[in-house]
Amino acid sequence: MCGIVGYVGEREASSVLLSGLRMLEYRGYDSAGIAVMSDGDVQVRRSVGKLQNLADLLEADPLQGRCGIGHTRWATHGRPSEENAHPHRAGRVVLIHNGIIENFLELRAELQRAGRTFSSETDTEIIAHMIDVAIQGGSDLLAATRSTVAALEGSFSIVVMSRDEPGRLVAAKSATPIVIGVGEGENFIASDVPALLEYTRDMLFLEDGEIAEVDCDGVRLSRFDGTPIERQPRRITWDPVTAQKGGFKHFMLKEIHEQPQAMIDTMRGRLLLEAGDVSLAEIDLGAQWWERVERIDLVACGTAWHACLVAKFFIEKLARIPCNVDYGSEFRYRDPILDDRELLIVVSQSGETADTLAAVEAAREKGSRTLAVCNVVDSSIARRVDSVLYTHAGPEISVASTKAFVTQLVALLLIAVHLGRRRGFVDADTCRQLLEEMLHLPTPLREVLDRADDIEAVARRYAKAENFLYVGRGLNYPIALEGALKLKELSYIHAEGYPAGELKHGPIALISETMPVVVLLPRNTAFNKTMSNMKEIESRGGQIIVVTDTTDAAVDAVATDVIRVPTVNPLLMPLLLTVPLQLLAYFVAVHRGTDVDQPRNLAKSVTVE
Ligand code: G6P
């Protein structure tokens, strides 16, 4: 989720690049840099931290030239530092990149054998070297880029320039977005529309597997294999704020729709399908560390705490290690029994939550090993724990967490498989099947997203309710809690989640015709029991919104509304069931007219205890 810009024309490139990067700041950043063709060579300026640091650097040490590239980085490989900031240089080539190169270790080893040396920890730098090698072998920039991208595995967008071909930029896209802004006597490149709106509204969107050759006279598109492409620019009428939201009304809705991709990015390079196993080399807790873990404490706050509750099911089922789940704010104050047989797993989107960080300190003091599942590279929690498994959700802007949550579930399931395989509690065939289904999960997830209009219709019917109950069983019970939390956060409706079986022990007293109850009803072993709970609600006049993968008429007979989802592996159901509940909360909030992206009294990251 880095920000990319490129410019070629008559203007001062550095100011176009900087203003474009400013418009992409919302994507998150930890460092930034630009490169401009100047005095016969490509000059680079980079700095860590806010974009203003780069602006200050450029003021002190300006770059003059009419062609250049710029980048804001959201770290994935290598910590945020000046060496790891883009653009990266190799010989005559300077390059910026968004995405992840999966086979970068092999490619780097190959380049090292050929005598190349590297100045960063990034996967990006190897791409610059590969293009430079190809140019040395006689290719021009376009051909060198073409042969290089053919050897890359993963998701990437790159923009590259060479000192031998001033006034020319080459962009290639395999997954992450690239848009070309078409001007008169000038052209622009960006990872997102907002960066270009100040200059042009005529945009060419690159598709996966396409390359653009851009100079001030025009844009030539072709496929990676060289086949030319004819495409007319599209006129974009979005205002700048809508453009930042990718055309969605709110960041939250955009982030909900980004979930299939975020899931893919979090799985990428970590699934070993043939072996029915996962590769989590990032987790380094000592040799054979998994053998020494006798208990696991899962600790987090808010939405991430719900991910921990689901993870308890994952880990206990697949790895048979007893798990305890705690709130960050409770953990250390209950004087937990901790020693070196304990593994503490903390889960945090931001990596800055004070209570979660305090849990890490408490566990470290007692000699327990610590592992974080975290979305922000080099955040406070990431720096404090023994190992980190990063989710690759990209920056989450909406205060209510959505895509971070599903990627936390993905990462935690990978940890459960990792432990289960190594401790011999689950066989390769079972895991292979699970991982294959996990890999295909973005498809049923998209099917749920495609039903957003139906969910909106349900939301409209209940938007005036003042109370809601959410119930589920087993590993979907935490999803009921998460659904209730989303509704509270966004719409300020009082909502509670319960295990369905607990209804009769108290909450059933609340049931009346003014109390909608959302029931999570996947077809699993608890189906009949949850159906009985629904009947108890029905006979007391409650309105029932069922979320289910069944087409059973008996369900429709009891339910007031039914939201249908595809059937997936029971262990993956929590990931899928989360999505309709996010949409339900979102649309209820929209109908009530609340501030969806910044609900009252809430903060995205809570850095005080
Ligand atoms: C805040 C946010 C929640 C988030 C929680 C934990 O309360 O509003 O959305 O779940 O913090 O944040 P973390 O960054 O640690 O996941």
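Only a predicted model underlies this, so the values are computations on that prediction, with no experimental measurement involved.

Here the focus is the sheet that holds strand β24 (residues 494-499). The parallel open sheet is built from five strands, whose spatial order is β24-β23-β25-β26-β27. The sheet is open, and its two edges are formed by β24 and β27 (561-564), each paired on a single side. Across this sheet, the average inter-strand angle for adjacent strands is 20°, counted without regard to direction. Bridge count between strand β25 (residues 516-521) and strand β26 (residues 543-548): six bridges; the pairing is parallel.

Pairing of strand β9 (residues 179-182) with strand β10 (residues 187-190) involves four bridges; the strand directions are antiparallel. If you follow G181 over to β10, its bridge partner there is F188. Where β9 folds back onto β10 in an antiparallel hairpin, the turn is made up of four residues, including G185, whose phi is positive at roughly 70°. Two strands pair when backbone bridges link them, and β9 and strand β11 (residues 202-205) are joined in this way by three bridges, in the antiparallel orientation. The residue bridging V179 from the neighbouring strand is F205, located in β11.

This next bit is on the site of the ligand. Taken together, 13 residues form the shell around the ligand, and within it S348, Q349, S350, T353 and A603 come nearest. Taking T303, its main chain carries an N or O atom lying 3.0 Å from an oxygen atom of the ligand. Within the side chain of S350, one N or O atom sits 2.6 Å away from an oxygen atom of the ligand. In isolation the ligand exposes 390 Å². Once the protein is present, 90% of that is buried. Of the residues contributing to the shell around the ligand, the split by class is five nonpolar, seven polar and one charged.

Trans peptide bonds make up the majority, and among non-glycine residues the majority have a negative phi. In this structure, P87 follows H86 across a cis peptide bond, with omega equal to 0°. Among the secondary structure elements, P87 is positioned in the loop between β4 (67-73) and β5 (88-90). Here the phi dihedral of Q288 falls at roughly 50°; this positive angle occurs in a residue that is not glycine. When its relative accessible area of 40% is taken as the criterion, Q288 is described as partly exposed. Phi at R320 takes a positive value of approximately 55°, unusual for a residue other than glycine. Looking at the secondary structure, you find R320 in the loop between α10 (302-319) and β19 (323-327).

Using the criterion set out here, one finds three cavities of 30 Å³ or more in the structure. Approximately 60 Å³ is the volume attributed to the largest cavity. In this structure, the largest cavity is lined by twelve residues; those nearest its centre are R73, T76, H86, D123 and T124. If one sorts the elements of the lining of the largest cavity by residue count, strand β6 (residues 93-101) sits on top with three residues. Looking at the lining of the largest cavity residue by residue, the class counts come to two nonpolar, eight polar and two charged.

Attention now goes to the packing of α10 against helix α14 (residues 403-422). It is at 9 Å that the axes of α10 and α14 come closest, and there the two elements cross at 25°. Considering the angle they form, α10 stands roughly parallel to α14. In the crossing of α10 with α14, the sense of the turn from one axis to the other is right-handed. Between α10 and α14, the contacting residues are T303, A304, H306, A307, V310, A311, F314, I315, L318 and A319 on the first element and F405, Q408, L409, L412, L413, A416, V417, L419 and G420 on the second.

Looking now at the packing of aromatic side chains. According to the stated counting rule, one finds eight aromatic pairs in the structure shown. Relative to F224, the ring of F156 lies with its centre 6.4 Å away and its plane at 10°, an arrangement referred to as stacked. Residue F156 is found in strand β7 (residues 154-162), and its partner F224 is found in the loop between β13 (218-223) and β14 (228-229); the two are separated by 68 residues along the sequence. With relative accessibility at 21%, the residue F224 sits in the partly exposed group. Where W305 meets Y327, the ring centres are 3.9 Å apart and the plane angle is 15°; that geometry is what we call stacked. Residue W305 is located in helix α10, and its partner Y327 is located in strand β19; the two are separated by 22 residues in the primary sequence. Residue Y327 is classed as partly exposed on the basis of its relative accessible area of 37%.

Our focus in this paragraph is the pattern of salt bridges. Counted by the stated rule, this structure contains 40 salt bridges. D61 is the salt-bridge partner of R45, the closest N and O atoms lying 3.2 Å from each other. Pair noted here: R45 is in strand β3 (residues 41-48) and D61 is in the loop between α2 (51-60) and β4, with a separation of 16 residues, a long-range link. With a relative accessible area of 14%, R45 lands in the buried category.

Moving on to the environment of V417. Here V417 lies in helix α14. Judged by relative accessible area, which is 0%, V417 ranks as buried. In this structure, the C-alpha to C-alpha distance between V417 and A319, residues 98 residues apart in sequence, is 7.3 Å. Residues contacting V417, with those up to four places away along its chain left out, are V278, L318, C431, L434 and L435.

By domain assignment, the protein chain separates into domain 1 (3-244), domain 2 (254-439) and domain 3 (445-592). The straight-line distance from the C-alpha centre of domain 1 to that of domain 2 is 33 Å. Each partner contributes residues to the interface: domain 1 has 14 residues there, and domain 2 has twelve residues. Together domain 1 and domain 2 conceal approximately 1000 Å² of surface at their shared face, both sides included; 66% is due to carbon and sulfur atoms. Two residues, R268 and E102, come together in a salt bridge whose shortest N-O distance is 3.5 Å. Inspection of the domain 1/domain 2 interface yields zero residue pairs in polar contact (both at pLDDT 80 or more). Class assignment for the residues of the side of domain 1 that touches domain 2 results in five nonpolar, six polar and three charged.

What follows covers the side chain of H86. As for its position among the elements, H86 is in the loop between β4 and β5. One polar contact links the side chain of H86 to the main-chain amide nitrogen of H97, over a distance of 3.2 Å. Among the polar contacts made by the side chain of H86, one reaches the side chain of T124 at a distance of 3.4 Å. In this structure, H86 is in contact with A32, G33, R46, H71, R73, I96, H97 and T124, ignoring residues within four places of it in sequence.

Conventions and cut-offs
Residues numbered from 1 in each chain as written. Predicted model: local features only at pLDDT ≥ 70, side-chain atom pairs only at ≥ 80, totals over all residues. Heavy atoms only, no water. Pairing = 2+ DSSP bridges. Helix = DSSP H or I, 4+ residues; strand = E, 2+ residues; numbered from the N terminus. Axes fitted to C-alpha atoms, helices over the stretch in contact; angles between N-to-C directions. Near = heavy atom within 4 Å. Polar contact = N/O pair within 3.5 Å; in protein donor to acceptor, adjacent residues only side chain to side chain. Areas by Shrake-Rupley, 256 points an atom, 1.4 Å probe, with all protein chains shown as cover. Nonpolar A, V, L, I, M, F, W, Y, C, P; charged D, E, K, R; others polar. Buried < 20%, exposed > 50% of the residue type's maximum accessible area, 1.4 Å probe, protein only. 1 Å grid on protein atoms, 1.4 Å probe; cavity = no way out; pocket = protein on both sides within 12 Å on 5 of 7 lines; lining within 4 Å. Points joined across faces, edges and corners; volume = space filled by probe spheres on them. Parallel < 35°, antiparallel > 145°, perpendicular 65-115°, else oblique. Left-handed = near helix turned anticlockwise from the far one by under 90°. Contact = heavy atoms within 4.5 Å. Phe/Tyr/Trp six-rings, centres within 6.5 Å; stacked < 30°, edge-to-face > 60°. Salt bridge = Lys/Arg side-chain N within 4 Å of Asp/Glu carboxyl O. Domains from an automatic or database assignment. Buried area = accessible area lost by both parts, 1.4 Å probe.

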